[in-house]
Amino acid sequence: MTCPVAIGYHLRTVAEAAGEDLEHGMALSEIAPFWRVLDARTPTTRKPSFGTEFVAVQRKREGLKP
(Lines give C-alpha, C1' and ligand atoms only; values in the text may rest on other atoms or scores of the structure.)
Protein backbone atom coordinates (compact mmCIF):
# COMPACT_ATOMS: atom_id res chain seq x y z
CA MET A 1 0.00 0.00 0.00
CA THR A 2 1.10 3.53 -0.64
CA CYS A 3 0.05 6.87 0.73
CA PRO A 4 -1.53 9.09 -1.95
CA VAL A 5 -0.43 12.23 -0.10
CA ALA A 6 3.21 11.12 -0.04
CA ILE A 7 3.11 10.12 -3.70
CA GLY A 8 1.56 13.48 -4.63
CA TYR A 9 4.25 15.29 -2.67
CA HIS A 10 7.08 13.42 -4.40
CA LEU A 11 5.51 13.74 -7.86
CA ARG A 12 5.28 17.48 -7.36
CA THR A 13 8.92 17.59 -6.27
CA VAL A 14 10.00 15.75 -9.42
CA ALA A 15 7.80 17.94 -11.63
CA GLU A 16 9.12 21.17 -10.09
CA ALA A 17 12.73 20.01 -10.46
CA ALA A 18 12.13 19.10 -14.10
CA GLY A 19 10.46 22.48 -14.71
CA GLU A 20 13.48 24.26 -13.24
CA ASP A 21 15.81 22.19 -15.41
CA LEU A 22 13.85 23.25 -18.50
CA GLU A 23 14.02 26.90 -17.43
CA HIS A 24 17.79 26.57 -17.16
CA GLY A 25 18.08 25.27 -20.73
CA MET A 26 18.10 21.52 -20.24
CA ALA A 27 16.65 19.56 -23.17
CA LEU A 28 13.21 18.01 -22.77
CA SER A 29 14.72 14.58 -23.46
CA GLU A 30 17.03 14.98 -20.45
CA ILE A 31 14.41 15.59 -17.76
CA ALA A 32 12.15 13.14 -15.90
CA PRO A 33 8.99 12.60 -17.99
CA PHE A 34 6.61 13.25 -15.08
CA TRP A 35 3.72 14.05 -17.46
CA ARG A 36 3.43 10.34 -18.14
CA VAL A 37 2.05 9.77 -14.63
CA LEU A 38 0.11 13.02 -14.26
CA ASP A 39 -3.01 13.84 -16.26
CA ALA A 40 -5.69 16.53 -16.24
CA ARG A 41 -7.64 14.80 -13.46
CA THR A 42 -4.69 14.37 -11.11
CA PRO A 43 -4.82 17.05 -8.38
CA THR A 44 -1.01 17.26 -8.37
CA THR A 45 -1.08 18.54 -11.97
CA ARG A 46 -2.53 21.87 -10.82
CA LYS A 47 0.18 22.50 -8.21
CA PRO A 48 3.49 22.95 -10.10
CA SER A 49 4.51 26.54 -10.82
CA PHE A 50 4.52 26.06 -14.60
CA GLY A 51 0.81 25.18 -14.79
CA THR A 52 -1.24 22.42 -16.38
CA GLU A 53 -0.75 23.43 -20.00
CA PHE A 54 2.77 21.98 -20.17
CA VAL A 55 1.52 18.59 -18.99
CA ALA A 56 -1.37 18.66 -21.51
CA VAL A 57 0.94 19.55 -24.40
CA GLN A 58 3.47 16.83 -23.54
CA ARG A 59 0.77 14.18 -23.11
CA LYS A 60 -0.74 15.11 -26.47
CA ARG A 61 2.69 15.08 -28.13
CA GLU A 62 3.27 11.54 -26.88
CA GLY A 63 -0.22 10.33 -27.84
CA LEU A 64 -1.45 9.99 -24.27
CA LYS A 65 -4.95 10.78 -23.07
CA PRO A 66 -5.31 14.26 -21.55
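Conventions adopted
Residues numbered from 1 in each chain as written. Predicted model: local features only at pLDDT ≥ 70, side-chain atom pairs only at ≥ 80, totals over all residues. Heavy atoms only, no water. Helix = DSSP H or I, 4+ residues; strand = E, 2+ residues; numbered from the N terminus. Rg over C-alpha atoms; globule rule 2.2 N^0.38 Å. Buried < 20%, exposed > 50% of the residue type's maximum accessible area, 1.4 Å probe, protein only. Contact = heavy atoms within 4.5 Å. Areas by Shrake-Rupley, 256 points an atom, 1.4 Å probe, with all protein chains shown as cover. Lys, Arg positive; Asp, Glu negative; His and termini not counted. Charge placed at Lys NZ, Arg CZ, Asp CG, Glu CD. Phe/Tyr/Trp six-rings, centres within 6.5 Å; stacked < 30°, edge-to-face > 60°. Core = buried A, V, L, I, M, F, W, Y, C linked by side-chain atoms within 4.5 Å. Arc of directions from axis to C-beta.

Let us now look at the overall build of the protein chain. Assigned secondary structure in the protein chain consists of 2 helices and 0 strands. Computed over the C-alpha atoms, the radius of gyration of the protein chain is 12 Å, within 12% of the 11 Å expected from 2.2 N^0.38 for a compact globule of 66 residues. Considered along the principal axes of its C-alpha atoms, the protein chain spans approximately 35 × 25 × 20 Å. Split into buried and exposed, the 66 residues of the protein chain put 26% on the buried side. Considering only intrachain contacts with a sequence separation of at least 6, the fraction spanning at least 24 residues in the protein chain is 45%. Accessible surface, the protein chain: about 4800 Å² in total, of which carbon and sulfur atoms supply 59%. Of the charged side chains in the protein chain, 9 are positive and 8 negative, and the gap between their average positions amounts to 11 Å.

Taken as a whole and assessed by the stated rule, the structure comprises 3 aromatic pairs. Taken together, a centroid distance of 5.4 Å and an interplanar angle of 70° make the contact between F34 and W35 edge-to-face. Each member of the pair, F34 together with W35, is buried. Taken together through their ring pairs, the aromatic side chains of F34, W35 and F54 make up a single cluster.

Turning to the environment of P48, a few remarks are in order. The topology assignment puts P48 in the loop between α1 (4–23) and α2 (52–61). C-alpha separation for the pair P48 and R12, spaced 36 residues apart in sequence, amounts to 6.4 Å. Not counting chain neighbours up to four residues away, the residues in contact with P48 comprise R12, A15 and E16.

Let us now look at the nonpolar core. Listed in full, the 7 residues of the largest apolar core are A15, A18, I31, F34, W35, L38 and V55. Residues contacting W35, with those up to four places away along its chain left out, are L28, F54, V55, Q58, R59, R61 and E62.

What follows deals with α2. Taken as a whole, α2 has its buried residues at V55, Q58 and R59. Down the axis of α2, the buried set is contained in an arc of 100°. They therefore lie on one face. Exposed and facing more than 90 degrees away from the buried side of α2 are E53, K60 and R61. Just downstream of α2, G63 is the residue with a positive phi angle, here 80°.

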